[in-house]
Structures are given as C-alpha cells and as structure tokens.
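# Chain and residue survey
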Amino acid sequence: MEIFTIGHSNHSIEAFITLLQKQGVTALADVRSHPYSRYLQHFSQAPLKAALVNVGISYVFLGRELGARPSDTTCYVDGKALYEKIASTQQFADGIQRLLKGAENYKIALMCAEKDPITCHRAILICQRLRQFDLKINHILCNGDLETHVYLEERLLRLHKLKIPELPKQIQLSLFESISLFEPSMLQYSKEELLKKAYQQQGEKIAYVEKTENKYE
C-alpha cells in the first residue's frame, strides 16, 4: 500500500489539484485540527471538499483524530501539545486504523498546511507511526517532486546532528580510536534509537503551544 502527504502551502486550488492528480491520488485526508484558512479561503473545508469532489477525489476530515491541536487536555503540558501523548490516545489510534483501512481501496494523501513536511506533524507525528506498517510513504513537494519518508528521516537526522559520519572504507583498525572524536556516545545507539531521538526533538520544536491571554491587558 502507498500513502502520500502534501502541504497546501500557498498554492492555487488548480495547482494543488494538479499535484494530487499527478500522483493518482483518489482521496484526501485533511489532518488539520481546524480545517480553515483565513488567507487562502479555497483551502477552508467546504470549498476544498467541493473542488476535490468535482474532479473525483474524495475528501475526509481526520483532524479530530490526527490533528496536532487536540481537544484532549491530557495531551498538553504547560500549554504545549506533546506528540507522544497525542499518539498514545485511543482517538489517534482510531485515526491511524482509518487510514490503513482506507489505503486498501484509495490512494490517500494526508494534507496539512506546511510546505516542508519536516516542519509538519503529518510527517513528524503521523508518519512516524505509519512507518511501522507495510506502507510506502512519499511526500509531495511544492514542485511536484516526491520525497520518500526514508529520505526525510535522513534529513531529520542531519538536522539534529544525529547522523553518524561514515568511516572511510580504507580506515585501519589502529585508527579506530578517532571514533571518539565524533558526537559523544553516538556510536552506542542504533539508527532506530537516533531516529526516535530526532523525531522527539523535532516534535518538541514544532509542537503547537496554546496562546495565553494577558489578564492585565
């Protein structure tokens, strides 16, 4: 099975639909917690759904299950929505199962707003959990190119400086002491452990933080 992700960014509705059609997408799962756009009205729920249905692409709203701004207050610590807590909820698990079930009959694209998937919960929260299933995950970029989720994970490791430098093939055993010059303790971790750390750090960086009103204003 195959799943795509896409960010609507500042596309026109025509350009957006073209990107979906290029990949043969037949259903769009809107994973925004609030499916509205103040500045790009064509990406608000009603006009977006109408435009998609008009070209034969189904629309489903999964923002309640898979959004990054949950209504469940237990997912927040000091006003920040923590991805680990969101992912542990039954509602999130139900949303993942709906995606997996839908992918059996549709070619699905998860949609949020951000242009780069590495700065969006669709990749850092949702795809982190989808990757454990037998799925091919590709991110549709603004220019129409595809970025595999495997490549995105490589970017994620480099972004957080968790990528272990590859040693030259001709290195001599007597020189292996130089490994200690790399990031402290890096070599004791597996790639999966480093990825988990990278996902956590990126999740903390991009997580939604509730705005607090100044009671003195």
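From a predicted model like this one, the values you see are computed outputs, not experimental measurements.

### Some points on helix α1 (residues 13-22)
Considered for burial, the residues of α1 that qualify are Ile-13, Phe-16, Ile-17, Leu-19 and Leu-20. Viewed along the axis of α1, the buried residues span an arc of 155°, placing them on a single side of the element. Facing away from the buried surface of α1 by more than 90 degrees, the exposed residues are Glu-14 and Lys-22. On its buried face, α1 is in contact with β1 (2-7), β2 (27-30), α2 (45-54), β6 (108-112) and β7 (136-140). In the stretch just after α1, Gly-24 is the one whose phi turns positive, near 70°.

### Digging into the layout of surface pockets
Computed from the structure, the largest pocket encloses a volume of approximately 520 Å³. If you trace the largest pocket, you find 20 residues lining it, with Arg-32, His-34, Arg-69, Ala-113 and Glu-114 closest to the centre. Among the residues forming the lining of the largest pocket, the class breakdown is ten nonpolar, six polar and four charged. Of the voids in this model, the second largest pocket is the one considered here, and its volume is about 170 Å³. Forming the boundary of the second largest pocket are Ala-27, Ala-29, Ser-58, Tyr-59, Val-60, Leu-62, Arg-98, Leu-99, Gly-102, Tyr-106 and Ile-108. Across the lining of the second largest pocket, the residue classes tally to eight nonpolar, two polar and one charged.

### A closer look at the sheet that holds β6
Spatially, six strands are ordered β3-β2-β6-β1-β7-β8 in an open sheet, and the strand pairing comes out mixed. The open sheet has two free edges, formed respectively by β3 (58-61) and β8 (146-148), since each of these has just one partner strand. Neighbour-to-neighbour, the strand axes of this sheet turn through a mean angle of 25°, independent of strand direction. Bridging between β2 and β3 involves four bridges; their strand directions are parallel. For Asp-30, the partnering residue across the bridge sits in β3 and is Phe-61. This element, helix α5 (residues 90-102), spans β1, β2, β3 and β6 of the sheet and lies at about 140° to β6. Against the sheet, helix α7 (residues 149-159) makes contact with β7 and β8, and its axis sits at roughly 70° relative to β8, the strand it touches most.

### Quick notes on the environment of Arg-98
Along the chain, Arg-98 turns up in helix α5. Arg-98 gets classed as partly exposed once you look at its relative accessible area, which sits at 43%. The spacing of Arg-98 and Glu-65 is 33 residues in sequence and 9.6 Å in space, taken between C-alpha atoms. When sequence neighbours within four positions are dropped, the list of residues in contact with Arg-98 reads Val-60, Leu-62 and Glu-65. Polar contacts involving the side chain of Arg-98 include one to the side chain of Glu-65, which spans 3.3 Å.

### Comments concerning the confidence of the model for the protein chain
When the pLDDT values of the protein chain are averaged, the result is 90; 86% of them are 70 or greater. Taken together, the stretch residues 171-182 has pLDDT below 50 and engages in six contacts with residues farther than four places along the chain or on a different chain. The low-confidence segment residues 213-217 (pLDDT under 50) makes zero contacts with residues lying over four places distant or belonging to another chain.

### Structural notes on the side chain of Glu-147
Mapped onto the fold, Glu-147 is located in strand β8. Its relative accessible area of 7% is what places Glu-147 among the buried residues. A polar atom in the side chain of Glu-147 sits 2.7 Å from the side chain of Arg-155. The contacts of Glu-147, once residues within four sequence positions are left out, are Pro-117, Ile-137, Asn-138, His-139, Leu-141, Leu-152 and Arg-155.

About the thresholds
Residues numbered from 1 in each chain as written. Predicted model: local features only at pLDDT ≥ 70, side-chain atom pairs only at ≥ 80, totals over all residues. Heavy atoms only, no water. Buried < 20%, exposed > 50% of the residue type's maximum accessible area, 1.4 Å probe, protein only. Helix = DSSP H or I, 4+ residues; strand = E, 2+ residues; numbered from the N terminus. Arc of directions from axis to C-beta. Contact = heavy atoms within 4.5 Å. 1 Å grid on protein atoms, 1.4 Å probe; cavity = no way out; pocket = protein on both sides within 12 Å on 5 of 7 lines; lining within 4 Å. Points joined across faces, edges and corners; volume = space filled by probe spheres on them. Nonpolar A, V, L, I, M, F, W, Y, C, P; charged D, E, K, R; others polar. Pairing = 2+ DSSP bridges. Axes fitted to C-alpha atoms, helices over the stretch in contact; angles between N-to-C directions. Polar contact = N/O pair within 3.5 Å; in protein donor to acceptor, adjacent residues only side chain to side chain. pLDDT = per-residue confidence, 0-100.

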